[in-house]
Protein chains: 2
Amino acid sequence: MSDERPEFAFINWIARQSGSRTEVQLGIGDDAAVLSSGGKDWVVTKDVITAGVHFDAKTPLALVGRKALAVNISDLAAMAAQPCAAFIGIVLPKSMTRSAAEELYRGLQQLASEWDICIGGGDTNSWDGPLVVSVTLLGLVESGQAVRRDGAQPDDWIFVTGPLGGSLESGRHLTFTPRIREAETLKQAVTLHAMLDLSDGLGSDLFHLLDRSGVGAILNADSIPIHPDVSKTLPSAARLQHALSDGEDFELLFTVSAADGQRLIERPPPGVELFRIGEITAAPGASLVVDGEEQTLPRSGWSHGFGQTAID
Amino acid sequence: MSDERPEFAFINWIARQSGSRTEVQLGIGDDAAVLSSGGKDWVVTKDVITAGVHFDAKTPLALVGRKALAVNISDLAAMAAQPCAAFIGIVLPKSMTRSAAEELYRGLQQLASEWDICIGGGDTNSWDGPLVVSVTLLGLVESGQAVRRDGAQPDDWIFVTGPLGGSLESGRHLTFTPRIREAETLKQAVTLHAMLDLSDGLGSDLFHLLDRSGVGAILNADSIPIHPDVSKTLPSAARLQHALSDGEDFELLFTVSAADGQRLIERPPPGVELFRIGEITAAPGASLVVDGEEQTLPRSGWSHGFGQTAID
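Everything numeric in this text was worked out from a predicted model, so none of it was measured. (Residues numbered from 1 in each chain as written. Chains lettered and ligands numbered in written order. Predicted model: local features only at pLDDT ≥ 70, side-chain atom pairs only at ≥ 80, totals over all residues. Heavy atoms only, no water.)

Enquirer: Help me out: how do you make sense of the sheet that holds strand β7 (residues 157-160) of chain A in this one?
Expert: Pairing between the strands of a sheet is mediated by backbone hydrogen bonds and can be parallel or antiparallel. Residue and element names in this part refer to chain A. One open sheet accounts for 7 strands, arranged β8-β10-β7-β11-β9-β12-β13; its pairing is mixed. Each end of this open sheet is capped by a strand with a single partner; those strands are β8 (194-197) and β13 (293-296). Mean inter-strand twist for the sheet, computed between neighbouring axes without regard to direction, equals 25 degrees. In this sheet, β13 lies alongside strand β12 (residues 285-290) in antiparallel orientation, the contact comprising 4 bridges. Across the sheet, V290 pairs through a bridge with E293, a residue of β13. Against the sheet, helix α8 (residues 258-266) engages β7, β10 (252-256) and β11 (275-281), with an angle of about 40 degrees to β7. (Pairing = 2+ DSSP bridges. Helix = DSSP H or I, 4+ residues; strand = E, 2+ residues; numbered from the N terminus. Axes fitted to C-alpha atoms, helices over the stretch in contact; angles between N-to-C directions. Contact = heavy atoms within 4.5 Å.)

Shown next, in the form of structure tokens:
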């Protein structure tokens with residue numbers, strides 16, 4: 001079929017390696033995909049990543065593809081859902097070669113395979129502008145069991161699943177492992193009241209959880225784990241600032257009752273790093289205890305510097 | 001909350017007018033949305049539209065937003081599914097004002113309201129590049145009842161739901177009505193063997209249905225309805241070429257058994273325009289009868305001229 005448009009060849013190449021899942025009854029090749037599940041809830045997330053904002057001209061394209069999917073998997077982890085089917089929108093610069101596009105897709109596909117995600121469909125375009133990768137990811141969770149942001153209660157303990165800061169500078173934002181397994185393990189061990197993934201930075205994302213739950217929080221600065229990617233030569237206040245505001249950590253922030261929190265500390269579930277960083281308060285607002293002194297935590301997180309944000 | 005990032009204000013503005021549906025158990029404001037249905041299938045489609053390809057600098061932004069959703073609704077019509085929840089990714093040029101962004105969103109939201117679609121979530125970014133709108137739309141269909149592209153059978157009659165051609169030149173591609181109601185009416189009246197929506201043009205899209213179904217087709221040129229938007233002063237061959245290849249008609253192309261086809265002709269279902277344009281053949285390939293002479297129909301459809309195409 002020599003007169004077929006070259007894009008169709010790329011799409012057929014994509015379709016041949018998209019995997020299969022029983023939930024995806026119909027995948028690439030029709031007007032839409034068909035998803036079905038036996039009484040489970042579908043959890044849907046969408047993130048768009050763009051050249052100059054979430055990656056730059058030097059980022060290997062396989063890592064661009066990987067990140068486009070990884071940030072969405074992280075959103076499903078934050079709901080304690082299991083990823084299932086992805087829908088991929090790619091807008092390619094016209095200057096990009098087919099092999100470059102394949103490299104991007106290969107990075108995405110490799111992560112999809114690791115998490116047993118089926119590519120259900122999508123849309124591929126080319127244009128005069130820079131690269132855009134838009135991923136919609138659907139996951140499954142037992143009916144009513146998605147962990148939301150709005151369930152935090154006064155006196156809950158607040159945990160994060162790993163050290164924070166330095167993700168962008170170190171390149172960790174391109175290679176991080178979404179915390180799907182940690183969320184699943186935690187969900188088995190305790191009752192998760194509220195959870196989200198840290199994308200804009202603890203100092204900013206915390207407020208999303210507090211606002212949705214109608215509560216406040218007090219954090220202990222000494223307990224906030226600072227990632228080794230944050231230079232040890234910096235003054236401690238600067239290191240704390242990085243942990244609070246660099247963003248793109250993609251660790252989970254969650255709250256549980258004090259009793260469950262105690263349980264997690266005494267019998268840490270296998271394979272989950274846990275740091276207790278503070279407590280939920282009935283009074284709104286957030287504060288930070290630094291050297292024994294309580295300071296107001298301002299609503300300021302890391303900004304990509306390009307006005308990036310996310311609806312979800 | 002004066003120190004909140006301006007994007008959050010825009011997102012909150014979006015969230016306030018996103019509607020509600022029982023299937024959307026959790027919408028904007030968390031890491032992901034939660035969808036649930038009672039034994040129905042979810043049908044998922046994704047289309048990305050970009051400045052310079054699907055619209056230009058002169059297109060009113062409300063119509064850009066409208067089109068971004070409309071093309072996705074059309075994909076659900078092609079599956080005979082009912083639209084339910086949309087996830088909106090917008091990448092805004094940094095030069096775009098908040099009120100311009102709202103105009104875009106208002107056009108999208110107005111069409112969403114008309115079709116009782118709930119905005120379930122999404123992602124909003126700004127950057128140095130041109131405008132991108134990426135929509136993922138989820139619809140519902142009775143279990144196993146989605147109409148696919150692969151069910152056409154030899155001797156099926158081929159129909160389209162409206163006249164073709166001239167959509168881009170006339171601006172119809174920005175204001176068309178997706179054929180959801182027509183698909184629903186047809187599904188009630190007959191057994192739809194195969195269906196798709198005409199986006200690239202009859203001459204190109206027909207092959208998607210034929211290839212998936214493993215069949216061929218013979219079309220009658222005289223029966224192909226040509227839209228009044230195609231100039232009547234053109235020679236008839238040129239007018240036919242427009243109908244075959246202009247694209248963006250967003251009419252449905254479907255096949256039914258000869259008996260069902262006869263039924264549709266004798267008792268046309270109310271509110272559905274129907275044109276019988278040909279028949280499915282067991283032999284692969286497509287031909288066109290022009291002035292009593294059978295010609296091969298080449299695999300060439302309208303190309304946006306920018307290499308645009310769609311996975312689905």
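Having seen it, we continue.
Enquirer: Where do I start with the relation of the copies chain B and chain A in this structure?
Expert: Note that the two copies of the chain are related through a rotation about an axis and a translation along the same axis. Superposing chain B onto chain A takes a rotation of 180 degrees combined with a translation of 0.0 Å along the rotation axis, leaving an RMSD of 0.0 Å. The superposition operator between the copies reduces to a two-fold rotation axis. Closest approach to the rotation axis within chain B is made by the C-alpha atom of B:G129, at a distance of 3.1 Å. A share of 99% of interface residues in chain B that are also interface residues in chain A marks the association as one of identical surfaces. (Least-squares fit on C-alpha atoms with pLDDT ≥ 70 in both.)

Enquirer: Just checking my understanding: could you explain the interface of chain B and chain A for this structure?
Expert: Frequently, the measure chosen for interface size is the accessible area that the parts lose on association. Contacts between chain B and chain A engage 77 residues on the former and 76 residues on the latter. A combined buried area of about 6,400 Å² lies between chain B and chain A, and 53% of that area is made up of carbon and sulfur atoms. Taken together, the connections running from chain B to chain A amount to 4 salt bridges. One salt bridge in this structure joins B:D30 and A:R149, with 3.8 Å as the shortest N-O distance. One can count 24 residue pairs in polar contact (both at pLDDT 80 or more) joining chain B with chain A. (Buried area = accessible area lost by both parts, 1.4 Å probe. Salt bridge = Lys/Arg side-chain N within 4 Å of Asp/Glu carboxyl O. Polar contact = N/O pair within 3.5 Å; in protein donor to acceptor, adjacent residues only side chain to side chain.)

Enquirer: In this structure, what is going on with the UniProt feature "binding site: Mg(2+) 1" (unreviewed entry) in chain A? I would like to understand it.
Expert: Residues and elements named next belong to chain A. Taking the numbering used here, the UniProt-annotated feature "binding site: Mg(2+) 1" (unreviewed entry) corresponds to D47 and D123. Following the sequence through the fold, D47 ends up in strand β3 (residues 41-50). On the basis of relative accessibility, which here comes to 8%, the residue D47 falls in the buried class. Within the secondary structure, D123 sits in strand β5 (residues 118-127). (UniProt positions renumbered as here; feature names shortened; annotations may be inferred. Buried < 20%, exposed > 50% of the residue type's maximum accessible area, 1.4 Å probe, protein only.)

Enquirer: Would you take a moment to explain the environment of A:A258 for this structure?
Expert: Residues and elements named next belong to chain A. Position of A258 relative to the elements: it lies in helix α8. Taking the C-alpha atoms as reference, A258 lies 47 Å from I28; in sequence the two are 230 residues apart. Among all residues touching A258, those that are not within four sequence positions of it are D155 and W157.

Enquirer: Would you mind going over the UniProt feature "binding site: Mg(2+) 5" (unreviewed entry) in chain A with me for this structure?
Expert: As annotated by UniProt and renumbered to match this structure, "binding site: Mg(2+) 5" (unreviewed entry) occupies A:D200. Summarising the element assignment, A:D200 is placed in the loop between β8 and α6 (202-213).

Enquirer: Help me understand the packing of helix α2 (residues 61-77) of chain B against helix α3 (residues 98-114) of chain B, please; the structure alone is not making it clear to me.
Expert: Any two packed helices are characterised by how steeply their axes cross, that is the angle between the axes, and by the distance between the axes. All names here are of chain B. Close contact between α2 and α3 brings their axes to 6 Å; oriented N to C, the two are set at 35 degrees. In the packing of α2 onto α3, the handedness of the crossing is right-handed. Across from L61, A62, V64, G65, R66, L69, A70 and I73 in α2, the residues of α3 making contact are A100, E103, L104, G107, L108, L111 and A112. Tallied by class, the residues present in the contact of α2 with α3 amount to 11 nonpolar, 2 polar and 2 charged. (Left-handed = near helix turned anticlockwise from the far one by under 90°. Nonpolar A, V, L, I, M, F, W, Y, C, P; charged D, E, K, R; others polar.)

Enquirer: What should I look at first to understand the packing of aromatic side chains in this one?
Expert: In this description, a pair of aromatic rings is defined by centroid distance and the angle of the planes. For the structure on display, the rule yields 7 aromatic pairs over all chains. Consider the rings of B:W157 and B:F159, whose centres lie 6.5 Å apart with planes at 35 degrees: the pair is tilted. Ring pairing ties together the aromatic residues A:W157, A:F159 and A:F254, which thus form one cluster. Seen from the ring of A:W157, A:R276 lies directly overhead, with NZ or CZ sitting 3.4 Å from the centre. (Phe/Tyr/Trp six-rings, centres within 6.5 Å; stacked < 30°, edge-to-face > 60°. Lys NZ or Arg CZ within 6 Å of the ring centre and 35° of its normal.)

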